[in-house]
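Fold and contact review
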Number of protein chains: 2
Amino acid sequence: MPITVLGLDADDTLWHNETFYQSTRQRFNELLADFVDAARLEEEIEATERRNLGLYGYGAKGFTLSMMETAIQVSNGNISGRALSEILTIGRELMNHPVEPLPGVHEALQALSEQYRLVLITKGDLFHQESKLAASGLGSFFSGVEIVSEKKRATYERIFSRHGSGPEHAAMAGNSVRSDVLPALEAGSYAALIPFHIVWAHEDAPLPTDHPRFAELPSLAELPRWLADVAENDAH
Amino acid sequence: MPITVLGLDADDTLWHNETFYQSTRQRFNELLADFVDAARLEEEIEATERRNLGLYGYGAKGFTLSMMETAIQVSNGNISGRALSEILTIGRELMNHPVEPLPGVHEALQALSEQYRLVLITKGDLFHQESKLAASGLGSFFSGVEIVSEKKRATYERIFSRHGSGPEHAAMAGNSVRSDVLPALEAGSYAALIPFHIVWAHEDAPLPTDHPRFAELPSLAELPRWLADVAENDAH
């Protein structure tokens, strides 16, 4: 049986996200420059994020709370109210950033949606991710949206069974080896890695280069052809 | 065809939530007492929450961000770093509060789960709500969990079609007229209001007392009997 359902990651696969985080971190560094140098601040904010991950989960709201906590801490409480307000503002701007599909994404999804059921599968804040999908103008290509707290083997098994005929007849595409590729392969699905030029530090993992159901593609525009090749090889 | 699937709201239906918000607000008031009286502070925090709702959605993380914003604003930036840290702490405690099922809930869900497919349907942070369900010990009674950004007619139509045989063969139970009762009735489902003693200000709406598919019940323990009555009347 061929592939019937295609899972797609959202942030940094369909649209820029990490780019906005990087510029938010940059502005955060500038706001704290009187108290701490950039290198130490980055260590501190990463430590705060890690400490809070079990409580806040992923997403821009938790990141904003971690910025506030770190700012108060590294300044020993001496940061001005004005600078703290500015941190809330850059957090809101991060949540509200323009959502523009990456080059070629709109056309690729159009082609893919004619052949497969597309399901958006992403971590993060439910509310924020739904807003971004709406703002992207890509919503109509998807027959399902699954905002999940973790991307594990069982996550893909469940979603590909719910929206298709099980994980073996599904493919996942995204920019993270650890979240999009490895657990989807474990579930028995196909998986395409579409690397983004900035890789989030938490997401690193070795590439499963020899796996028969894996491919690394330069962009989402290559996905329709790879899936067609997979189907042809499967038929022989 | 009888009712096959039962939707249940979470916060203040299965476990206390508003109680913890109230005590968080109380501690917030105390922290700001030097700058503003409690009545004005409550107006300010409500205005901030309302202003941020479109960006933050529902949930404890957004509420914590709104407390920080309000604290900086009403103190003209003069609130101490120590007090701001304390606000982050009470926000974390709110996210981490003990999740104890309300009296009778465990037994009622046990009985209901033998007869109906139970689906948890709740707004709020995905990550936080999943954590609370896990902490409640009630997770095994549910065959589905749907964290949604809004509870509208289309929400219930979609969920009751996905988990059952459509909204007409489903019932929803919760503590909010506006979120749990009215849109479920509009979708064609049955709806039971189980009032909580504290009603969140945003959630007020008139009761649909004359609707044939509506009931107000004093507790979740009454739900199995009402559903049985409904089934019996339906059969005649």
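Here the residue numbering is sequential within each chain, running from 1 through the sequence in written order. Think of it this way: whatever chain is written first is A, whatever ligand is written first is 1, and the rest follow in order. The model is predicted, so local features are restricted to residues of pLDDT at least 70 and side-chain atom pairs to those at 80 or more, both for listing and for counting; the totals for chains, interfaces and linings are taken over all residues.

Attention shifts here to the nonpolar core. Core analysis: the biggest nonpolar cluster contains 92 residues, and L6(A), A171(A), A173(A), A191(A), L6(B), A171(B) and A173(B) have the highest contact counts within it. Among residues more than four places away in sequence, those in contact with A191(A) are A171(A), M172(A), D180(A), V181(A), A184(A), L185(A), R213(A) and F214(A). Only buried residues count toward a nonpolar core: Ala, Val, Leu, Ile, Met, Phe, Trp, Tyr and Cys, linked into one set through C-beta atoms within 7 Å. For every residue, the other C-beta atoms within 10 Å of its own C-beta are counted; 20 or more classify it as buried, 12 or fewer as exposed, and values in between as partly exposed. C-beta atoms are placed from the backbone. Within the second largest apolar cluster, 39 residues are counted, among which are M67(A), I79(A), L32(B) and L84(B). Remark: residues whose backbone-derived C-beta atoms lie within 7 Å of one another are considered to be in contact.

As a further point, take the relation of the copies chain A and chain B. Alignment of the copies relies on least squares applied to C-alpha atoms, considering only residues that score at least 70 for pLDDT in both. You can overlay chain A on chain B at an RMSD of 0.0 Å; the transform is a turn of 180° with a shift of 0.0 Å along its axis. Expressed as a symmetry operation, the mapping of one chain copy onto the other fits a two-fold axis. Most of the interface of chain A is mirrored in chain B: 100% of its interface residues are interface residues there too.

For the rest of this paragraph, the subject is the interface of chain A and chain B. The partner chain B presents 29 residues to the 29 residues of chain A that form the contact. Every helix listed is a DSSP run of H or I at least four residues long, and every strand listed is a run of E at least two residues long, numbered separately from the N terminus. Listing elements by their share of the side of chain A that touches chain B, those giving two or more residues are α2 (38–56), α3 (60–74), α4 (81–95) and α6 (126–136) of chain A.

All names here are of chain A. Each residue carries a pLDDT score, the predictor's own confidence in it, on a scale running from 0 to 100. In the predicted model, chain A carries a mean pLDDT of 91, and 96% of its residues have values of at least 70. Ranking the elements of chain A by mean pLDDT puts helix α9 (residues 223–235) last, at 85, and α3 first, at 97. The ipTM value of the predicted complex is 0.81, and its pTM value is 0.83.

The subject of this paragraph is the packing of helix α1 (residues 18–31) of chain B against helix α4 (residues 81–95) of chain B. All names here are of chain B. For every element, the axis is a line fit to its C-alpha atoms; helices are fit only across the contacting stretch, and the angle between N-to-C directions ranges from 0 to 180 degrees. Viewed as axis vectors pointing N to C, α1 and α4 meet at an angle of 175°, and their least axial separation amounts to 10 Å. As far as their axial angle goes, α4 and α1 are roughly antiparallel. Side by side, α1 and α4 meet where F20, Y21, T24, R27, F28 and L31 of the first sit next to A83, E86, I87, I90 and L94 of the second. For this classification, the nonpolar set comprises Ala, Val, Leu, Ile, Met, Phe, Trp, Tyr, Cys and Pro, the charged set comprises Asp, Glu, Lys and Arg, and every other residue, Gly included, is treated as polar. Counted by class, the contact of α1 with α4 contains 8 nonpolar, 1 polar and 2 charged residues. Orientation labels follow simple angle bins: below 35 degrees gives roughly parallel, above 145 gives roughly antiparallel, 65 to 115 gives roughly perpendicular, and whatever is left gives oblique.

The next point concerns the sheet that holds strand β5 (residues 190–193) of chain A. Residue and element names in this part refer to chain A. A pair of strands is treated as paired once DSSP finds two or more bridges between them. The strand order across the open sheet formed by 6 strands is β3-β2-β1-β4-β5-β6, and the pairing between neighbours is parallel. Strand pairing shows two members of the sheet lacking a second neighbour, β3 (144–147) and β6 (214–216), which therefore form its edges. On average, adjacent strands in this sheet sit at an angle of 20° to one another, irrespective of strand direction. Pairing analysis gives 4 bridges linking strand β1 (residues 5–8) to strand β2 (residues 117–122), with the strands arranged parallel. Bridge assignment links L8 to a residue of β2, and that residue is L120. Strands in contact with α6 are β2 and β3; relative to β3, the strand with the most contacts, it is inclined by about 145°.

It is worth spelling out the sheet that holds strand β1 (residues 5–8) of chain B at this point. Residue and element names in this part refer to chain B. Spatial strand order, β3-β2-β1-β4-β5-β6: 6 strands in an open sheet with parallel pairing. At either end of the open sheet lies a strand with only one pairing partner, and these are β3 (144–147) and β6 (214–216). Put simply, the sheet's adjacent strands are angled 20° from each other on average, direction ignored. Judged from the 4 bridges that link them, strand β2 (residues 117–122) and β3 form a sheet pairing that is parallel. Each bridged residue has a counterpart across the sheet, and for V119 the counterpart in β3 is G144. Seen against the sheet, helix α8 (residues 177–186) touches β4 (170–174), β5 (190–193) and β6 and runs at an angle of roughly 160° to β5.

Within a regular strand, the side chains alternate between the two sheet faces. Residue and element names in this part refer to chain A. Burial analysis of strand β4 (residues 170–174) places 5 of its 5 residues in the buried class, the great majority of the element. Here β4 shows a buried face lined by A170, M172 and G174 and a second buried face lined by A171 and A173. In terms of strand pairing, β1 meets β4 through 4 bridges, oriented parallel. Its bridge partner lying in β4, G7 is registered against M172. Orient the strands so they point away from the viewer; a crossover is then right-handed if the path from the first strand over the helix to the second runs clockwise. Regarding topology, helix α8 (residues 177–186) serves as the crossover connection from β4 to the parallel β5, and that connection is right-handed.

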